[in-house]
Amino acid sequence: MFKRLMRNTKGAVMAEFVIAIVPVMTTFFSFVQLSRIATARLVVKHSAIVGARAAAVMSNANDNTPDQPGGNQQGEVSNAVKTAMGPWFTKAGGFTVVNVSVTDSSSRSDPYGWVEVKVNTLYACNVPMGFIACGGNTKRLEETFRMPHQGAIYKQK
């Protein structure tokens, strides 16, 4: 009976498949998650550039553009960043929390100083078995970009 059992190969392919499928699927989903993280980094970088451009035009924290409203226009810059993220900024997936900070180093004497925008966000890793590549359920992404302020020097007559 033992010899007959040794010659029986029924179910061998199924056993090999079950053993092999777990590492294959883990590798596949990890690569999918890594590609999504790389794309998310590009989206965050683009949104930081858009936010810096918006801040360079709208920020007036140091009152160096007299005909513009005062303040650094944090809300408007934040809206520009979220708009640049497009469909990636949703509650269901993608970027769940987005924090935007604006640093305006321009002044009345130098209206062309740097305006820096920092975008800090949490990316939700929602690919099955992608938590291995993501290091958990979320990944923190941060990008900073700066541009010269688009202020103006007004000369009095």
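Located above this text is the structure these notes cover.
In what follows, the accompanying structure is described. (Residues numbered from 1 in each chain as written. Predicted model: local features only at pLDDT ≥ 70, side-chain atom pairs only at ≥ 80, totals over all residues. Heavy atoms only, no water.)

**What to know about the overall build of the protein chain**
Quick reminder of the rule: Under the scheme used here, helices are H or I runs from DSSP no shorter than 4 residues and strands are E runs no shorter than 2 residues, and both carry numbers assigned from the N terminus. Buried, partly exposed and exposed residues are distinguished by accessible area as a fraction of the type maximum, computed with a 1.4 Å probe on protein chains only: under 20%, between the cut-offs, and over 50%, respectively. The contact criterion used throughout is that any non-hydrogen atoms of two residues lie within 4.5 Å. Here the Shrake-Rupley method, with its probe set to 1.4 Å, supplies the accessible areas, and only the displayed protein chains count as covering residues.
Counting its regular elements, the protein chain contains four helices and three strands. Going from N to C terminus, the protein chain has its helices and strands arranged as α-α-α-β-β-α-β. Looking at the protein chain residue by residue over its 157 residues, the buried ones come to 31%. Long-range pairs, those at least 24 residues apart, make up 67% of the contacts in the protein chain with a sequence separation of at least 6. Surface exposure of the protein chain reaches about 10000 Å², of which carbon and sulfur atoms provide 61%.

**Quick word on the packing of aromatic side chains**
This is how it is decided: Any Phe, Tyr or Trp ring, taking Trp's six-membered ring, that has another such ring centre within 6.5 Å forms a pair; planes under 30 degrees apart are called stacked, those over 60 apart edge-to-face, and the others tilted. For a lysine, the NZ atom is tested; for an arginine, the CZ atom; a charge sits over a ring if that atom is within 6 Å of the ring centre and within 35 degrees of the ring normal.
For the structure shown, the criterion picks out two aromatic pairs. Positioned above the aromatic ring of tryptophan 114, the side-chain terminus of arginine 146 is 4.1 Å from the ring centre.

**Concerning the environment of valine 43**
By the element assignment, valine 43 lies in helix 2 (residues 12-58). For valine 43, a relative accessible area of 14% gives the class buried. Residues valine 43 and methionine 85 lie 42 residues apart in sequence; the distance between their C-alpha atoms is 6.1 Å.

**So, the nonpolar core**
In globular proteins that are soluble, nonpolar side chains generally tend to be buried together. We count it as follows: Among buried residues, the Ala, Val, Leu, Ile, Met, Phe, Trp, Tyr and Cys ones that are joined through side-chain atoms within 4.5 Å form a nonpolar core.
Met85, Phe95, Val98, Val117, Val119 and Tyr123 are the most contacted members of the largest nonpolar core, which has 21 residues in total. Elements supplying a minimum of two residues to this core: helix 2, helix 3 (74-85), strand 1 (94-104) and strand 2 (114-124). With seven residues, helix 2 is the largest single contributor of residues to this core. Sequence-distant contacts of methionine 85, defined by excluding residues within four places in its chain, comprise Val43, Val44, Ser47, Phe95, Val98 and Val119.

**What about the pattern of salt bridges?**
Note the threshold: Salt bridges are counted wherever a side-chain nitrogen of Lys or Arg sits within 4 Å of a carboxyl oxygen of Asp or Glu.
Taken as a whole and judged by the stated rule, the model has one salt bridge. We note a salt bridge from lysine 45 to glutamate 143, for which the minimum N-O separation is 3.7 Å. Highlighted residues: lysine 45 in helix 2 and glutamate 143 in strand 3 (residues 138-148), separated in sequence by 98 residues.

**With respect to the pairing of strand 2**
Let me state the cut-off plainly: Two strands qualify as a pair provided DSSP detects at least 2 bridges between them.
As defined by bridge partners, strand 1 adjoins strand 2 across ten bridges and the pair is classed as antiparallel. Bridge pairing in strand 2 places valine 102 opposite valine 117. Where strand 2 and strand 3 come together, eleven bridges link them in antiparallel fashion. Counted as the bridge partner of alanine 124 is threonine 138 from strand 3.

This is a description of form; function is not addressed.
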